[in-house]
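# Analysis of the macromolecular model
In case you want the letters, here they are:
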Amino acid sequence: MKKINYYIIGIILLVLVTSCSSTNISKEDISKVKNISYDDVVKNLSNIINDFLYNYDYYTVFNLEFVEDKLAIDNTNEVKKFNNIKILLDIEVDLDKFSTDLKKDMTIAEKDKAFNELTKNTNKDLLDILHKESTIEYSKVGRLEISYADRKNKLKYSSNINNSRDSQTMITLRNEKSEGEKLILEEIFKYIKEYKKNYELKRFGTDNNILIIEFHIYTVDDIHNQEIEKISKGLFHMIMENENTNKYINDEEVKSMKIIFNKETNDMEPIIFEKDILT
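Below: a short report on this structure. (Residues numbered from 1 in each chain as written. Predicted model: local features only at pLDDT ≥ 70, side-chain atom pairs only at ≥ 80, totals over all residues. Heavy atoms only, no water.)

### Here's the deal with the overall build of the chain
Check the secondary structure of the chain and you find 9 helices and 11 strands. The 279 residues of the chain split such that 43% are buried. Excluding contacts between residues fewer than 6 apart, the proportion of contacts in the chain whose partners are at least 24 apart in sequence is 69%. Surface summary for the chain: the accessible area is close to 15900 Å², and the carbon and sulfur share equals 46%. (Helix = DSSP H or I, 4+ residues; strand = E, 2+ residues; numbered from the N terminus. Buried < 20%, exposed > 50% of the residue type's maximum accessible area, 1.4 Å probe, protein only. Contact = heavy atoms within 4.5 Å. Areas by Shrake-Rupley, 256 points an atom, 1.4 Å probe, with all protein chains shown as cover.)

Structure below.
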C-alpha cells in the first residue's frame, strides 16, 4: 500500500474516538445478518462510500480497505464477534475547494477550525447514510477508521468510530464456528478471570493449525512480566488437560499454540509464547 507522510503544523492533528449508540438488530434481520457474506458487505458498503464522497469535488478517496478478523473477540460479552470487519478509509481533502467563502489569507488556526468542522460533519453524514441505506451490511462492521488529509495546507484529522451493539445482540450473533470452540473459549475466560483487571482477550481461534490466543495488556513491568509467563504456562497446561479444550485441539488438528500479549501502543513489542503440540 502506498504511504504518505504529512507534516503537521501546530496542534492540528486531532483524533476522535467515538462509539455509535448501542442499537438492537430486529428479529427479522437476525438471520439476514448471519447469512450475509463478507463479499456482499464489501461490495455494498464500497459503493455507498464511494458514491457519497463522489458528490464532493473537494474529496478524493485515496484508500478504502476492508479487513475481516475471524479471530476477533468481544471481551465484554465473552463471545467471538459477529461484527468483525474493520473499514479503513483515507480521504484526501482540498480545503481551498471547499468553499468560496473561505478567506484566502486565513490563519493556520482558522484553516484548522474549518477543516475540523468539515470532517466532523462529513463523518456524521456518512454514518447516517450507512445506517439508513445499508443496515444489514453495516451491522457486520465493528470499527470504522477515517483519516482526512490536506497535503497542501498540511492538515490532518483522524477518527476511530466503534459500531457498538447491545449485549443481547452480541450474544445472539456470537460467531464461534463450533460447539467445541464455544467451550474452549468459555474455559479460557474462566481461567483469566482472576487476572482480568490487567488483561483483555482480543483474539482467539485457529489459523493454519495454530491456536492463537491474544491478550491486550494494560500494565507492563517486571512483576507483570513474571505474571505473563505464569499465565501462559497455566493456559498451556489447562488447554491440554481439560476435556473440553483437549477435544477442540484434536478436532481442529492443532499443531501448535501461540499466546500473545500486546499493548496497543508503539512502545512495546508483542510478548509471544509458543508451544508445539505432540500428537
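### Concerning the pattern of salt bridges
Considering all chains together, one arrives at 14 salt bridges under this definition. Here R174 ties to E176 by a salt bridge, and the two come within 2.7 Å at their closest N and O atoms. (Salt bridge = Lys/Arg side-chain N within 4 Å of Asp/Glu carboxyl O.)

### Observations regarding the environment of N44
Inspection of the secondary structure assignment puts N44 in helix α2 (residues 38-54). Beyond its immediate sequence surroundings of up to four residues, N44 is in contact with S134 and E137.

### Examining the nonpolar core
Core analysis: the largest hydrophobic core is formed by 36 residues, its most contacted members being L45, Y59, I91, L130, L144, I146 and Y148. Elements with a contribution of two residues or more to this core: α1 (27-35), α2, β2 (59-68), β5 (85-93), α4 (108-133), α5 (135-139), β6 (141-150) and β7 (155-162). Broken down by element, the residue count for this core peaks at 6 residues, all from α2. Setting aside residues up to four positions removed in sequence, Y148 forms contacts with Y59, I91, V93, F115, T119, T122, N123, L155, K156 and Y157. Of all hydrophobic cores here, the second largest spans 28 residues; its members include I73, Y199, L211 and M268. (Core = buried A, V, L, I, M, F, W, Y, C linked by side-chain atoms within 4.5 Å.)

### Some thoughts on the packing of helix α7 (residues 179-192) against helix α9 (residues 243-251)
Following both chains from N to C, one finds α7 and α9 inclined at 135°, their axes separated by 8 Å at the closest point. Judged by the angle between their axes, α7 and α9 are oblique. When the axes of α7 and α9 are compared, the crossing they make is left-handed. Contacts between α7 and α9 involve G180, E181, L183, I184 and E187 from the first element and N244, T245 and Y248 from the second. Along the lines of polarity and charge, the residues of the contact of α7 with α9 split into 3 nonpolar, 3 polar and 2 charged. (Axes fitted to C-alpha atoms, helices over the stretch in contact; angles between N-to-C directions. Parallel < 35°, antiparallel > 145°, perpendicular 65-115°, else oblique. Left-handed = near helix turned anticlockwise from the far one by under 90°. Nonpolar A, V, L, I, M, F, W, Y, C, P; charged D, E, K, R; others polar.)

### Thoughts on unusual backbone geometry
At N208, a residue that is not glycine, the phi angle is positive and equals roughly 55°. Residue placement: N208 occurs in the loop between β8 (199-207) and β9 (210-217). We note that E253 has phi near 55°; this positive angle belongs to a residue other than glycine. Examined against the element boundaries, E253 turns out to sit in the loop between α9 and β10 (256-262).

### Describing α2
Between its terminal C-alpha atoms α2 stretches 24 Å, which fits the 24 Å expected from 17 residues at 1.5 Å a residue. What α2 keeps buried is the set V41, L45, S46, I48, I49, F52 and L53. Looking at the buried side of α2, the elements it contacts are β2, β5, α4, α5 and β6. (Expected span 1.5 Å × (residues − 1).)

### Remarks on the environment of A114
With respect to the element layout, A114 can be found in helix α4. Counting along the chain gives 16 residues from A114 to F98, while the straight-line C-alpha distance between them is 9.4 Å.

### Remarks on the packing of aromatic side chains
With the rule as written, the count across this model stands at 13 aromatic pairs. Relative to Y148, the ring of Y59 has its centre 6.0 Å away and its plane inclined at 45°; by these criteria the two rings are tilted. Taken together, the residues span a long stretch of sequence, with Y59 in strand β2 and Y148 in strand β6 at a distance of 89 residues. With respect to burial, Y59 and Y148 carry one shared label: buried. Note on F261 and F273: the rings are 6.3 Å apart at their centroids and 90° apart in plane angle, and the pair reads as edge-to-face. Of the two residues, F261 sits in strand β10 while F273 sits in strand β11 (residues 271-276), which places them 12 residues apart along the sequence. (Phe/Tyr/Trp six-rings, centres within 6.5 Å; stacked < 30°, edge-to-face > 60°.)

### Digging into the sheet that holds β9
The strands that make up a sheet are held in pairs by hydrogen bonds between backbone atoms, and each pair lies either parallel or antiparallel. Taken in spatial order, the 4 strands of this open sheet run β8-β9-β10-β11, and their pairing is mixed. One side of each edge strand has no neighbouring strand; the edge strands of this open sheet are β8 and β11. Pairwise comparison of adjacent strand axes, ignoring direction, gives a mean angle of 15° for this sheet. Relative to β9, β8 is paired through 8 bridges, and the arrangement is antiparallel. Opposite T206, over in β9, you have L211 as the bridge partner. Lying over the sheet, α7 contacts β8 and β9, oriented at roughly 150° with respect to β8. (Pairing = 2+ DSSP bridges.)

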